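Survey of secondary and tertiary structure
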Amino acid sequence: MQVYKFGGASVKSADAVRNALNIISLCDDNLVLIVSAMGKTTNALEELLGKYYSGKEFKNAFKTVFEYHFEIINLLFDPKSSVFETVNLIFNKLKEKLESPVSENYDKEYDEIVSVGEILSTTIVSYYLNENNITNKLLDAREIVETDSNFRAAKVDFEKTAINLKTTVNFNEYKVYIIQGFIASDENNSPTTLGREGSDYTAAIVANILSASELTLWKDVDGIYNADPKLIDNVIKLNEISFREATELAYFGAKVIHSKTAKPLMNKGIKLTVRSFLNYDSAGTTVGDFEAKISPLVPIFIFKNNQVLLTISAKEFEFIDERIFERIFSILNKFKIKINLMQNSALNLSICFDYNPNDFNKFLSAVGEEFNYKYNQDLTLITIRHYTEETIQKLTKGKQIKLEQKSRINAFYLVEN
Ligand code: ADP
Ligand code: ASP
Ligand code: MG
């Protein structure tokens, strides 16, 4: 069997869904389809949640999501199709939720509201395939993928998930199953999510559990390049890349795959390909157990925007020692902040991390209770893997560098925009 993952862009419009049907109909193997929320729905739901949570008027934000999905289904279905009723029910449930008082736990509210994006997309795709000769069974990831209660970054319980999935999927009954990426639930059946862009990871988990022969991620790019083709001209496509190298790229911010995708596949030697849903004859990039890290071997450039550089020092004249590290790390952990780059001197610790508007000020106050700090915002972290002096010159020329670091393979530059 094979696993296909359709990202947001691949189902962003009625035409995109029709195109996905073409791709699926070319596969004669048993299939599990992992589908993300349509287009930028997750962002739109985050906006809706923000308004709901802060007590602001959210009608327009709700309308945006509602009209977007209805525009797609109006184009895809006969007006008599029961998809309209089903989609309406999903929106009614969301409305009910938004009419109830907010709870203290923002992250829990996030997962309940934002997970609706994947429920909508999979419902629509499942109906559309069923009505176009691809009989399929729609599953609810909240009943299959079990996690802890670390809302917004939930950890998957592999064993429980494996039992649930294996007892549900039976290719003698259906050749095609559809399941949401990114969403899951905890032991109290509260919806959870695996972190933004988490659908790639869901796809890898499903591929592992069902021992897929291959996982294909259908994206709006022809594969993995040596830089984001939307940001840089003359990029070079990688034909092959090792699991380890792909994980490093993802970790440093190459959005093309989620950093957790490789591990479940590596464990079972499952091949991963990144292919274009627009140009589906092209072979794309294969990620696998290759000796060579990348082929062709070229420097790789990764840009991570919206970075904060925070420099922390003790309130008294004190060394930054392990005890202080421990305190700072515990605050970072509390706010679920992941460090992208770190450097220390005798009296200062500088850390670079993604800016999160929701709790940045709260985080700073928590730091300020125990330490002195200074910070810069709106920076870009440039990572050059397999760097050369020439590539460093080219990428940092004319830029104000706030922090830099080099290892044998990586060069990092945190720069002002
Ligand atoms: P999905 O729809 O599956 O979630 P994403 O939008 O997350 O897909 O990933 C595809 C995007 O990743 C591309 O549109 C591209 O702009 C971006 N990207 C970033 N780095 C790279 C890279 N090195 N190679 C290819 N694409 C990249
Ligand atoms: N829809 C989620 C997001 O946009 C998950 C995913 O697309 O992978 O982050
Ligand atoms: Mg993605």
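Described in the following lines is the structure provided in the data block. Small disclaimer: the values here were computed from a predicted structure and weren't measured. (Residues numbered from 1 in each chain as written. Chains lettered and ligands numbered in written order. Predicted model: local features only at pLDDT ≥ 70, side-chain atom pairs only at ≥ 80, totals over all residues. Heavy atoms only, no water.)

What to know about the overall build of the chain
Operational definition: Helix and strand definitions here come from DSSP, where helices need a minimum of 4 consecutive H or I residues and strands a minimum of 2 consecutive E residues; each element is numbered from the N-terminal end. Radius of gyration here is computed from C-alpha atoms only, and the compact-globule reference equals 2.2 Å multiplied by the residue count raised to the power 0.38. Partly exposed residues are those whose accessible area sits between 20% and 50% of the maximum for their type, while under 20% is buried and over 50% is exposed, using a 1.4 Å probe and protein chains only. We call two residues in contact when some of their heavy atoms are within 4.5 Å. Computed with the Shrake-Rupley method and a 1.4 Å probe, the accessible areas treat only the protein chains shown as cover for residues. Only four residue types enter the tally: Lys and Arg on the positive side, Asp and Glu on the negative side; His and the chain ends are excluded. A single reference atom marks each charge: NZ on Lys, CZ on Arg, CG on Asp, CD on Glu.
From N to C terminus, the chain includes 14 helices and 17 strands. In terms of overall size, the chain behaves like a compact globule, its C-alpha atoms giving a radius of gyration of 22 Å where 417 residues would be expected to give roughly 22 Å. In terms of its C-alpha atoms, the chain occupies a principal-axis envelope of roughly 70 × 55 × 40 Å. A burial count over the chain gives 53% of its 417 residues as buried. Pairs at least 24 apart in sequence give 74% of the contacts found in the chain among residues at least 6 apart. Accessible surface, the chain as shown: approximately 20400 Å² in total, 47% of it carbon and sulfur. In the chain, 48 positive and 55 negative side-chain charges are present, and the distance between their average locations comes to 2 Å.

Digging into the nonpolar core
The line we're drawing: We define the nonpolar core as a collection of buried residues of types Ala, Val, Leu, Ile, Met, Phe, Trp, Tyr and Cys that are connected through side-chain atoms lying within 4.5 Å of one another.
Residues V3, F6, V32, L33, L94 and L215 are the most contacted members of the largest nonpolar core, which totals 110 residues. Formed by 22 residues, the second largest nonpolar core is a distinct cluster that contains I320, F335, V367 and F371.

Thoughts on the packing of aromatic side chains
As a reminder, the rule being used: Here a pair means two rings of Phe, Tyr or Trp (six-membered ring of Trp) with centres within 6.5 Å. Their orientation is stacked below 30 degrees between planes, edge-to-face above 60, and tilted elsewhere.
On inspection of all chains with the given rule, the structure shows 25 aromatic pairs. Judged by centre distance (6.2 Å) and plane angle (80 degrees), the ring pair of Y52 and F58 falls under edge-to-face. What makes Y52 buried here is its relative accessible area of 5%. Ring centres of F77 and Y128 lie 5.9 Å apart, and the angle between their planes is 90 degrees; this geometry places the pair in the edge-to-face category.

A closer look at the packing of helix α3 (residues 59-76) against helix α6 (residues 116-130)
The criterion, for reference: Lines fitted to C-alpha atoms define the axes here, with helix axes fitted over just the stretch in contact, and angles between the N-to-C directions of these axes take values from 0 to 180 degrees. The cut-offs work like this: below 35 degrees is roughly parallel, past 145 is roughly antiparallel, 65 to 115 is roughly perpendicular, and the gaps in between are oblique. Ten residues, namely Ala, Val, Leu, Ile, Met, Phe, Trp, Tyr, Cys and Pro, are considered nonpolar, four, namely Asp, Glu, Lys and Arg, are considered charged, and the remaining ones, Gly among them, are considered polar.
Contact geometry for α3 and α6: axes closest at 11 Å, N-to-C directions at 0 degrees. By the criterion of interaxial angle, the relationship of α3 to α6 is roughly parallel. Contacts between α3 and α6 involve H69, I73 and L76 from the first element and L120, I124 and Y128 from the second. A breakdown of the residues in the contact of α3 with α6 according to their chemical character gives 5 nonpolar, 1 polar and no charged.

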